[in-house]
Each structure stands twice: as structure tokens, then as C-alpha cells.
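Results of the structural survey
So you can see what is in the structure, the chains are spelled out below.
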Amino acid sequence: MTKTKEEIFELLKSNLLEIVPEINPDQVQPVISMKDLGANSIDRVDVILLTMEALELKFPLNELGGLTNMQALVDDLHGRL
């Protein structure tokens with residue numbers, strides 16, 4: 001079952017808010033990075049791993065190294081589905 005980019009973003013947002021509950025949900029926008037929202041590196045890895053698991057994706061995390069914001073991550077994950 002293929003997910004839309006919007007569904008992937010909502011999944012990513014949901015996982016981010018689960019891992020880092022102090023983030024204001026209204027601040028989570030595609031153009032912002034998780035780092036800028038206050039997620040530390042361990043939080044970010046946890047969010048990505050949860051999202052990959054939900055999407056049934058497996059690949060090395062270092063392949064995501066150059067992504068600058070949540071939309072870039074959504075685009076990358078969507079392209080791997």
C-alpha cells in the first residue's frame with residue numbers, strides 16, 4: 001500500500017511528537033528541520049526509525065545525511081516506497 005507524501009508527513013509528525021512531546025504541534029511544518037524544532041540527534045534517529053518501520057523500509061540511515069528539512073525527508077522516504 002503506497003502512502004502519499006501527506007500521509008508520510010503526518011506519520012513523521014506523529015512520531016516526532018511522540019518522541020519529543022514538548023514540541024508545539026503547530027510548529028511542525030514541512031520546511032522546518034527536526035533539529036530546529038528542538039529534537040536532538042538521538043530523538044531524530046528514533047523518529048526516523050519509527051517512521052521507516054511503519055513504512056516497512058530498511059536502508060542505512062547515513063543515506064539521509066544531506067536532508068535539510070522534514071519535506072526533504074518525506075520526499076526521500078516516498079521515493080523509496
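The rules behind these values
Residues numbered from 1 in each chain as written. Predicted model: local features only at pLDDT ≥ 70, side-chain atom pairs only at ≥ 80, totals over all residues. Heavy atoms only, no water. 1 Å grid on protein atoms, 1.4 Å probe; cavity = no way out; pocket = protein on both sides within 12 Å on 5 of 7 lines; lining within 4 Å. Points joined across faces, edges and corners; volume = space filled by probe spheres on them. Helix = DSSP H or I, 4+ residues; strand = E, 2+ residues; numbered from the N terminus. Nonpolar A, V, L, I, M, F, W, Y, C, P; charged D, E, K, R; others polar. Salt bridge = Lys/Arg side-chain N within 4 Å of Asp/Glu carboxyl O. Buried < 20%, exposed > 50% of the residue type's maximum accessible area, 1.4 Å probe, protein only. Expected span 1.5 Å × (residues − 1). Arc of directions from axis to C-beta. Contact = heavy atoms within 4.5 Å. Polar contact = N/O pair within 3.5 Å; in protein donor to acceptor, adjacent residues only side chain to side chain. Core = buried A, V, L, I, M, F, W, Y, C linked by side-chain atoms within 4.5 Å.

Looking up the protein chain in an unreviewed UniProt entry gives the name Acylcarrierprotein, with the organism given as uncultured bacterium psy1.

Here's the deal with the layout of surface pockets
Empty space within the largest pocket amounts to approximately 290 Å³. Lining the largest pocket we find 15 residues, and of these Met34, Arg44, Ile48, Leu64 and Leu67 sit closest to its centre. If you tally residues by element for the lining of the largest pocket, the top one is helix 2 (residues 41-55), at 4 residues. Class assignment for the residues of the lining of the largest pocket results in 8 nonpolar, 5 polar and 2 charged.

A short note on the pattern of salt bridges
Across all of its chains, the model carries 3 salt bridges by this definition. For Glu63, the salt bridge is made with Arg80, and the minimal N-O distance between the two is 2.8 Å. In this pair, Glu63 is assigned in the loop between helix 2 and helix 3 (70-80) and Arg80 in helix 3, connecting sequence segments 17 residues apart. Judged by its relative accessible area of 28%, Arg80 falls in the partly exposed class. The partner of Arg80 in a salt bridge is Asp76, with the nearest N and O atoms 2.5 Å apart. Residue Arg80 and its partner Asp76 are located together in helix 3, separated by 4 residues, close to a single helical turn.

Concerning helix 2
Between its terminal C-alpha atoms helix 2 stretches 21 Å, which fits the 21 Å expected from 15 residues at 1.5 Å a residue. Of the positions making up helix 2, those classed as buried are Asp43, Val47, Ile48, Thr51, Met52 and Leu55. Relative to the axis of helix 2, the buried residues are bounded by an arc of 165° and lie together on one face. Looking at helix 2, the residues exposed on the side facing more than 90 degrees away from the buried face are Ile42 and Glu53. Buried residues in helix 2 make contact with helix 1 (5-19) and helix 3. The distance from a side-chain oxygen at the start of helix 2 to the backbone nitrogen of Ile42 is 3.0 Å, and the residue carrying that oxygen is Asn40.

Some words on unusual backbone geometry
Its identity is not glycine, yet Glu56 carries a phi of approximately 60°, on the positive side. As for its placement among the helices and strands, Glu56 is situated in the loop between helix 2 and helix 3.

As for the nonpolar core
Counting 21 residues, the largest nonpolar core has Leu16, Val28, Met34, Met70, Leu73 and Leu77 as its most contacted members. Put simply, the parts of the chain that give this core at least two residues each are helix 1, helix 2 and helix 3. When residues no more than four places from it in sequence are discounted, the contact partners of Leu16 are Ile23, Val28, Met34, Leu37, Ala39, Val47 and Met70.

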